[in-house]
There are 2 protein chains.
Amino acid sequence: MLKNLSITEFLEKTASSSPVPGGGSVAALAAALAASLAEMVANLTIGKKGFEDVDREMKAIAKKTRNYRDKLVQDIDKDADSYKAVVAAYGMAKATDEEKLKRTTAIQEALKQAALVPLKVAGDAADLLELSGKVAKKGNKNAITDAAVGVMMARTAVLAALYNVKTNLNSIKDPSFVDSISKDVNALEERILQREKELLSEIDL
Amino acid sequence: MLKNLSITEFLEKTASSSPVPGGGSVAALAAALAASLAEMVANLTIGKKGFEDVDREMKAIAKKTRNYRDKLVQDIDKDADSYKAVVAAYGMAKATDEEKLKRTTAIQEALKQAALVPLKVAGDAADLLELSGKVAKKGNKNAITDAAVGVMMARTAVLAALYNVKTNLNSIKDPSFVDSISKDVNALEERILQREKELLSEIDL
């Protein structure tokens with residue numbers, strides 16, 4: 001599994017001409033990195049003098065970010081697997097009309113799944129953007145740079161995941177699916193660009 | 001070494017209350033991920049029908065991005081080490097005037113080094129932003145999403161590394177060092193925000 005590769009091996013495998021892991025897995029990893037940074041800042045705040053008022057909130061954030069990290073590290077593989085399923089569907093037999101229909105249906109199902117996986121990653125990363133903003137504002141000031149990096153990694157995770165959603169939507173033939181997801185994508189994209197700006201402007205190094 | 005940890009272990013270690021790896025190492029990793037994605041798109045273009053005109057250029061890009069990847073994966077550890085050196089300097093004896101002077105000098109030297117490491121990462125990531133833009137424009141269209149993710153990861157790597165430069169500059173007492181680096185930081189920050197927008201606007205999914 002990709003999550004068990006070393007950093008060096010993961011980078012090597014990404015760089016190779018094998019199409020996975022690609023941008024979708026990197027988006028999930030970026031979100032997991034944002035989760036780790038927010039968790040770190042929360043952990044560096046819990047129990048610290050002068051931060052008694054936010055101790056309970058930081059403990060809750062550490063727990064939440066931990067859960068996101070555990071989920072997102074799985075999504076690195078999930079995204080790669082959903083891409084492989086699309087490739088497998090395209091490779092199905094298409095000699096008879098029955099085979100053709102079966103293949104087309106399988107492709108469309110696989111494409112929907114390959115759009116939904118990064119859409120979920122984008123939603124989780126959007127939550128992590130807000131959690132990173134919270135630890136930046138209320139957490140240990142010595143770690144404010146780490147919180148800022150968390151905000152930026154979460155922003156890029158959202159946008160990167162949404163690019164992966166959009167590229168799959170391009171091949172999906174179900175107009176109501178495409179319309180509904182496209183609306184979510186555009187709204188989230190716009191919101192995240194705005195929120196990153198707001199959160200970073202509040203961070204004073 | 002951090003680069004030999006598995007993805008899961010690296011995330012775990014980042015999330016812990018130990019201050020390294022932190023935002024600086026994550027910035028270097030983000031830049032290395034951008035390098036890997038640009039290299040992948042170049043590799044998916046080399047030798048492909050219809051891309052004969054850019055074959056030589058893609059081979060050059062694959063080589064360059066490979067070199068950046070090798071450098072940047074080392075910077076993950078280098079950044080953590082430079083932070084540890086700052087902490088070690090702060091921990092030096094300060095009983096006598098001589099010890100105090102020695103300690104202050106060591107702290108200032110360590111802080112300069114801790115600013116220069118991410119400044120170098122930011123410069124490399126800025127180059128990778130342009131290389132990602134090039135493979136997005138001229139490379140295999142099937143991998144254009146990967147190139148777009150490369151552009152965004154490079155952008156966030158630059159900005160994240162520059163936050164780490166700035167936070168160290170805050171404690172450096174040498175005004176000419178601070179002034180000169182601050183100018184570089186501000187110019188690079190402004191340029192990268194602009195270039196990401198331009199490059200992404202040229203990418204049509």
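Residues numbered from 1 in each chain as written. Chains lettered and ligands numbered in written order. Predicted model: local features only at pLDDT ≥ 70, side-chain atom pairs only at ≥ 80, totals over all residues. Heavy atoms only, no water.

Caption draft 1: Representation of the packing of helix H5 (residues 144–169) of chain A against helix H2 (residues 23–43) of chain B in the model. As a packed pair, H5 of chain A and H2 of chain B sit with axes 9 Å apart at the nearest point and diverge in direction by 30°. Judged by the inter-axis angle, H5 of chain A sits roughly parallel to H2 of chain B. Here H5 of chain A contributes Asp146, Val149 and Met153 of chain A to the contact with H2 of chain B, which in turn contributes Gly23, Val26 and Ala30 of chain B. (Axes fitted to C-alpha atoms, helices over the stretch in contact; angles between N-to-C directions. Helix = DSSP H or I, 4+ residues; strand = E, 2+ residues; numbered from the N terminus. Parallel < 35°, antiparallel > 145°, perpendicular 65-115°, else oblique. Contact = heavy atoms within 4.5 Å.)

Caption draft 2: Examining helix H1 (residues 7–15) of chain B more closely. Taken as a whole, H1 of chain B has its buried residues at Ile7, Phe10, Leu11, Thr14 and Ala15 of chain B. End-on, the buried residues of H1 of chain B take up no more than an arc of 130°, which puts them together on one face. Turning to H1 of chain B, the residues buried within the fold contact helix H1 (7–15), helix H2 (23–43) and helix H3 (55–90) of chain A together with H2 and helix H3 (55–90) of chain B. (Buried < 20%, exposed > 50% of the residue type's maximum accessible area, 1.4 Å probe, protein only. Arc of directions from axis to C-beta.)

Caption draft 3: Spotlight on the relation of the copies chain B and chain A. Note on the identical chains: chain B maps onto chain A by a rotation of 180° and an axial translation of 0.0 Å, with an RMSD of 0.0 Å. On this basis, the relationship between the two copies can be described by a two-fold rotation axis. Minimal C-alpha separation from the rotation axis in chain B is found for Ser6 of chain B, amounting to 1.9 Å. Of the interface residues in chain B, 100% have counterparts in chain A that sit at the interface too, so the contact is made through matching surfaces. (Least-squares fit on C-alpha atoms with pLDDT ≥ 70 in both.)

Caption draft 4: Quick peek at the interface of chain B and chain A. Each partner contributes to the interface: chain B provides 52 residues, whereas chain A provides 52 residues. At the boundary of chain B with chain A, total buried surface from both sides reaches about 4400 Å², with 70% on carbon and sulfur atoms. Taken as a group, Ile7, Leu11 and Tyr163 of chain B account for 17% of the area that chain B buries against chain A, more than any other trio of residues on that side. Of the charged contacts in the structure, one is a salt bridge between Arg155 of chain B and Glu196 of chain A, with a shortest N-O distance of 2.9 Å. Counting across the chain B and chain A interface gives 21 residue pairs in polar contact (both at pLDDT 80 or more). Broken down by secondary-structure element, the contributors of at least two residues to the side of chain B that touches chain A are H1, H2, H3, helix H5 (144–169) and helix H6 (175–202) of chain B. Counting residues per element, the side of chain B that touches chain A draws most heavily on H5 of chain B, at 14 residues. Tallied by class, residues from the side of chain B that touches chain A come to 28 nonpolar, 16 polar and eight charged. (Buried area = accessible area lost by both parts, 1.4 Å probe. Salt bridge = Lys/Arg side-chain N within 4 Å of Asp/Glu carboxyl O. Polar contact = N/O pair within 3.5 Å; in protein donor to acceptor, adjacent residues only side chain to side chain. Nonpolar A, V, L, I, M, F, W, Y, C, P; charged D, E, K, R; others polar.)

Caption draft 5: Up close: the pattern of salt bridges. Applying the stated criterion across every chain, the model contains 28 salt bridges over all chains. Between Arg195 of chain B and Glu130 of chain B there is a salt bridge whose closest N-O contact spans 2.7 Å. Here Glu130 of chain B lies in helix H4 (residues 97–138) and Arg195 of chain B lies in helix H6, a separation of 65 residues in the sequence. You can call Arg195 of chain B partly exposed: its relative accessible area is 23%. With relative accessibility at 27%, the residue Glu130 of chain B sits in the partly exposed group. Sharing partners across several salt bridges, the network here consists of Arg155 and Glu196 of chain A together with Arg155 and Glu196 of chain B.

Caption draft 6: Just the packing of H2 of chain B against H4 of chain B, in detail. Residue and element names in this part refer to chain B. Between H2 and H4, the shortest axis-to-axis distance is 9 Å and the interhelical angle comes to 25°. On the basis of the axis angle, H2 is roughly parallel to H4. For the crossing formed where H2 meets H4, the hand is left-handed. On H4, the residues that touch Ala27, Ala28, Ala31, Ala34, Ala35, Ala38, Val41 and Ala42 of H2 are Val121, Ala125, Leu128, Ser132 and Val135. Of the residues belonging to the contact of H2 with H4, the class tally is 12 nonpolar, one polar and no charged. (Left-handed = near helix turned anticlockwise from the far one by under 90°.)

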